[in-house]
Amino acid sequence: MIIYSCHGAAKQVTGSCHLVTCNDRRVLIDCGMFQGSEEVERANAEPFGFDPAGIDVLLLTHAHLDHCGRIPLLVRQGFRGRIITTAATRELARVVMLDSAGLQEEEARRAQRRNRRSEELAPPLYTLDDALHALDFFGPDVGYDETVPVVEGVTARFLDAGHILGSASILLELDDGKLQRRMLFSGDLGNPGRPLLRDPTPAPPADYVVMESTYGDRPHRSVPDSIDEMYQAIRDTVNRRGNVVIPTFALERTQELLYYLHRGLRDGAIPAHVRVFLDSPMAISATEIFRRHPECFDERFLDELRHGDPFAMPGLHFTRDTAESMAINNIDGGAIILAGSGMCNGGRVRHHLKHNLWRERSSVVFVGYAAEGTLARRIIDGAASVRVFNDEIPVRAQVWTINGFSAHADRPSLLAWLGDAPRRKVFLVHGEYDRGMRAMQDVLAERGVACQLPGLHEPIKID
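Residues numbered from 1 in each chain as written. Predicted model: local features only at pLDDT ≥ 70, side-chain atom pairs only at ≥ 80, totals over all residues. Heavy atoms only, no water.

> I keep staring at the overall build of the protein and nothing clicks. Help me out?
Across its full length, the protein carries 14 helices and 22 strands. Relative to its length of 463 residues, the protein is compact, with a C-alpha radius of gyration of 22 Å against a globular reference of 23 Å. With respect to the principal axes defined by its C-alpha atoms, the protein has extents near 70 × 55 × 40 Å. Residues classed as buried in the protein amount to 58% of the 463 residues present. By sequence separation, contacts in the protein at least 24 residues apart represent 75% of the contacts at least 6 residues apart. On the protein, roughly 18600 Å² of surface is accessible, and the fraction owed to carbon and sulfur atoms is 48%. The protein carries 53 positive and 63 negative side-chain charges, and their two centres are separated by 3 Å. (Helix = DSSP H or I, 4+ residues; strand = E, 2+ residues; numbered from the N terminus. Rg over C-alpha atoms; globule rule 2.2 N^0.38 Å. Buried < 20%, exposed > 50% of the residue type's maximum accessible area, 1.4 Å probe, protein only. Contact = heavy atoms within 4.5 Å. Areas by Shrake-Rupley, 256 points an atom, 1.4 Å probe, with all protein chains shown as cover. Lys, Arg positive; Asp, Glu negative; His and termini not counted. Charge placed at Lys NZ, Arg CZ, Asp CG, Glu CD.)

Here is the structure:
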């Protein structure tokens, strides 16, 4: 018997986690964090919906926090199997999990300082020691298009998903002794035509497809138009003698923005006197990892790498130290500040928002997805003021939302990736229920594709 169940990103965007049981062996695909409002994030401390000690192998599609962020907790609660992924994902996941553990510990300390007399304070979800222990279970690395045995009756093939460095879709070949089925997990799919990575490998024939639907309801703006708008936002803000704050994700988005800023300064689309600050230790580490994995790059970008550094530019500053980060807030204007997190629910970007949101001369430029309940979403939706740390900050800065930089495929690209091959069923996950997910369900129904939106922890028999 083959059973599939979804334990995260079921009728919501984050927390990707899928379980396939075949021959009584259990294979997990991803183990990510729930991100968004406080209510959503409370789910991270709830039971997984399965016994971590009973999982034989974890297959990891990529290193974003909502796909790998609960791996240390999984290990803490008894997982002792192998974690199989690409080499680039393994390196990035190390950075992401250690950063997350540090934030968990810092948040617990901050809560303790605020509530010195309370005995009900929750401990960190996991610690740095937990994250380091989880790294012991990674290996062996797998290459794109390589088929690897997983457990009895299950093999896996990793296909380039074009989303972030090392990202993969995973095709499982399942055989329970009576039934043979192919089940494809899309992971997160990249937007075709981006400059650093190759386009996603189209979906191969498969009986069942578990597919993301983040932008299943709309197309993206074109990349050239999005670049032009970003340059315009920077020029307008610098002319007002303000600062540009760009909340950004450390993996892929930051490197892509550095590439575009490099081009903009080279071609004169950005004023030459601006200073660019990459204020994210994790993004700095990720940029260094990028240079070690040419196997993931688009051929045109590889050629640029051979002739120079497409991330470098005059006036670029990497700020790892806290003191260097704090010093940025003394700059009155002419700074472009890239800092995480992209949804503004953590990280150094909150300090820069606190110092710039109230300034009419400054701008905040959003270039990625913002989940419901996050600080980024409240600003994007037009809040007159927002709470940053313990202060209520008026939103007077100009707010730009540019969605063409998304690392996720839009609706036309999702449909092109899926193609016209016959499928027994498509399971839609990783999307807002009333937007991308339902819209994609309607489109697939019009095309005669059987479609299901799995419920959380719902066992589904594969026949």
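> Looking at this structure, how should I read the pairing of strand E20 (residues 425–429)?
Every regular strand shows the same layout, with side chains that alternate between the two sheet faces. Counting buried residues along E20, four of its five residues qualify, which places the element largely inside the surrounding structure. With two bridges joining them, E20 and strand E21 (residues 451–452) adopt parallel strand pairing. Bridge pairing in E21 places phenylalanine 427 opposite glutamine 452. Read from E20 through helix H14 (residues 433–446) to E21, the crossover connection turns out right-handed. (Pairing = 2+ DSSP bridges. Right-handed = clockwise from strand over helix to strand, strands pointing away.)

> Explain the sheet that holds strand E22 (residues 460–462) here, please?
Sheets are built from strands paired through backbone hydrogen bonds, the pairs being either parallel or antiparallel. Pairing in this open sheet of seven strands is mixed, and the strands run E6-E5-E4-E3-E2-E1-E22 from one edge to the other. The sheet is open, and its two borders are formed by strand E6 (138–141) and E22, each paired with just one other strand. Ignoring which end each strand starts from, the neighbouring axes of this sheet average 30 degrees apart. Here strand E1 (residues 2–8) runs beside strand E2 (residues 17–22); their pairing, made up of six bridges, is antiparallel. Paired with isoleucine 3 across the two strands is threonine 21, which belongs to E2. (Axes fitted to C-alpha atoms, helices over the stretch in contact; angles between N-to-C directions.)

> Whenever I open this one, the environment of aspartate 225 confuses me. Can you help?
Here aspartate 225 shows up in helix H6 (residues 223–239). Residue class for aspartate 225 comes out partly exposed when judged on its relative accessible area of 39%. With 158 residues separating them along the chain, aspartate 225 and histidine 67 place their C-alpha atoms 30 Å apart.

> Quick question: what am I supposed to make of the pattern of salt bridges here?
Side chains that carry opposite charge are capable of pairing whenever their charged atoms lie near each other. Across all of its chains, the model carries 26 salt bridges by this definition. Of the charged contacts in the structure, one is a salt bridge between arginine 221 and glutamate 229, with a shortest N-O distance of 2.0 Å. In this structure arginine 221 comes out as partly exposed when scored by relative accessible area, which is 37%. We note a salt bridge from glutamate 288 to arginine 320, for which the minimum N-O separation is 3.3 Å. Pair noted here: glutamate 288 is in helix H8 (residues 281–290) and arginine 320 is in the loop between strand E14 (316–318) and helix H10 (322–328), with a separation of 32 residues, a long-range link. Judged by its relative accessible area of 37%, arginine 320 is partly exposed. Several salt bridges converge on common partners, so that one network encompasses Asp217, Arg218, Glu372, Arg377, Asp381, Glu432 and Arg435. (Salt bridge = Lys/Arg side-chain N within 4 Å of Asp/Glu carboxyl O.)

> What should I look at first to understand the side chain of histidine 64 in this one?
Residue placement: histidine 64 occurs in the loop between strand E4 (57–59) and helix H2 (65–68). Here histidine 163 takes part through its side chain, which lies 3.2 Å from a polar atom of the side chain of histidine 64. Those residues in contact with histidine 64 that sit more than four places away from it in its chain are Gly69, His163, Ile164 and Leu251. (Polar contact = N/O pair within 3.5 Å; in protein donor to acceptor, adjacent residues only side chain to side chain.)

> What is the right way to read the pairing of strand E17 (residues 385–388) from this model?
Only one face of E17 is buried: it carries Val386 and Val388, and the other face, with Ser385 and Arg387, is open. Across four bridges, E17 lies against strand E18 (residues 391–394) in antiparallel orientation. Looking at E18, one finds that valine 386 is bridged to isoleucine 393. If you look at the hairpin formed by E17 and E18, you'll find two residues sitting between the two strands, and phenylalanine 389 has a positive phi there, around 55 degrees.

> Before we go on, may I ask you to explain the side chain of serine 280 in this structure?
Note that serine 280 resides in the loop between strand E13 (275–278) and H8. Serine 280 sits in the buried class, given a relative accessible area of 10%. Beyond its immediate sequence surroundings of up to four residues, serine 280 is in contact with Ala250, Thr319 and Gly340.

> Can you walk me through unusual backbone geometry in this structure?
For residues that are not glycine, phi is negative in most cases, and the peptide bond is trans in most cases. Omega for the bond connecting glycine 139 with proline 140 falls within 30 degrees of zero, at 0 degrees, which places this linkage in the cis form. Among the structural elements, proline 140 can be located in strand E6. In this chain, glycine 340 is followed by serine 341 through a cis amide linkage whose omega measures 5 degrees. Looking at the element boundaries, serine 341 is found in the loop between strand E15 (335–339) and helix H11 (349–356). The backbone of alanine 9 sits at a positive phi, close to 60 degrees, despite the residue not being glycine. One can find alanine 9 in the loop between E1 and E2. Notably, phenylalanine 389 is not glycine yet its phi reads approximately 55 degrees, a positive angle. Secondary-structure assignment places phenylalanine 389 in the loop between E17 and E18.

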